[in-house]
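An overview of the molecular structure
Spelled out, the chains give:
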Amino acid sequence: MSNKSPKGELIMEIISHLVNKINDPTGIIVGDRYEFLLDIKVEEDDELYTEGGLELRVIFASDDENGERVVQYYFTEKASRDALDFALEDDEEAEILEY
């Protein structure tokens, strides 16, 4: 899956993913929770680009009342596992949820 700019340029592409169901013993988030680790590819001139690679960790929740939703996410540099301070645009978040 890839996200393109209005000019049709590649913004980010999901190369692969891992998913784990998360047990929430506190019950803070209603429904089932899943953690997705998405391997993301971006162009070298993109502000998100890192030589070590880029990952997006996403926590999804799903239940009958609220449906499926992104609860939390953050970008990390793959090589160092350092968190990066970037936010998804609304359309990017919608594409991640669709993925």
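First things first, this report covers the structure right here in the doc. (Residues numbered from 1 in each chain as written. Predicted model: local features only at pLDDT ≥ 70, side-chain atom pairs only at ≥ 80, totals over all residues. Heavy atoms only, no water.)

Let's talk about the overall build of the protein
- The helix and strand inventory of the protein stands at one helix and six strands.
- Going from the N terminus to the C terminus, the protein shows its helices and strands as β-β-β-β-β-β-α.
- Sorting the 99 residues of the protein into buried and exposed places 31% on the buried side.
- Long-range pairs, those at least 24 residues apart, make up 44% of the contacts in the protein with a sequence separation of at least 6. (Helix = DSSP H or I, 4+ residues; strand = E, 2+ residues; numbered from the N terminus. Buried < 20%, exposed > 50% of the residue type's maximum accessible area, 1.4 Å probe, protein only. Contact = heavy atoms within 4.5 Å.)

Looking at the side chain of Glu-55
- Turning to its location among the elements, Glu-55 is positioned in strand 4 (residues 54-63).
- On the accessibility criterion, Glu-55 (7% relative accessible area) is buried.

Notes on the environment of Ser-62
- Tracing the chain through its elements places Ser-62 in strand 4.
- With a relative accessible area of 24%, Ser-62 lands in the partly exposed category.
- Measuring from C-alpha to C-alpha, the distance between Ser-62 and Arg-33 comes to 6.5 Å, with 29 residues separating the pair along the chain.
- Non-local contacts of Ser-62, meaning those with residues more than four positions away in its chain, are made with Val-30, Gly-31, Asp-32, Gly-67, Glu-68 and Arg-69.

Focus: the nonpolar core
- Judged by nonpolar contacts, the single largest core of 15 residues is most densely connected at Leu-38, Ile-40, Leu-56, Val-58 and Ile-96.
- Per element, the largest residue contribution to this core is four residues, and it comes from strand 4.
- Apart from the residues within four sequence positions on either side, Leu-56 is in contact with Phe-36, Leu-37, Leu-38, Ile-40, Tyr-73, Tyr-74, Phe-75, Leu-88 and Ile-96. (Core = buried A, V, L, I, M, F, W, Y, C linked by side-chain atoms within 4.5 Å.)

Quick look at a negative patch on the surface
- A contiguous patch of negative charge on the surface is contributed by Glu-43, Glu-44, Asp-45 and Glu-51.
- Tracing the backbone through its elements, the reader meets Asp-45 in the loop between strand 3 (32-41) and strand 4.
- The exposure class of Asp-45 is exposed, given its relative accessible area of 72%. (Patch = residues over 30% accessible without salt bridge, like charges linked within 9 Å, V, L, I, M, F, W, Y side chains within 5 Å. Areas by Shrake-Rupley, 256 points an atom, 1.4 Å probe, with all protein chains shown as cover. Salt bridge = Lys/Arg side-chain N within 4 Å of Asp/Glu carboxyl O. Lys, Arg positive; Asp, Glu negative; His and termini not counted. Charge placed at Lys NZ, Arg CZ, Asp CG, Glu CD.)

Side note on the pattern of salt bridges
- Inspection of every chain in the model, using the stated rule, returns six salt bridges.
- For Asp-63, the salt bridge identified is with Arg-69, shortest N-O distance 3.0 Å.
- We classify Arg-69 as partly exposed; its relative accessible area is 22%.

Observations concerning the pairing of strand 4
- The element strand 4 is largely enclosed, with a buried count of nine among its ten residues.
- Note that strand 3 and strand 4 share nine bridges and pair antiparallel. Pairing of Glu-35 across the sheet is with Ile-59, part of strand 4.
- Here ten bridges tie strand 4 to strand 5 (residues 67-77), and the two strands are oriented antiparallel to one another. The residue bridging Leu-56 from the neighbouring strand is Phe-75, located in strand 5.
- Here strand 4 hands over to strand 5 after three residues, the two strands then running antiparallel side by side. (Pairing = 2+ DSSP bridges.)

Read these as layout, nothing more, since geometry by itself doesn't imply function.
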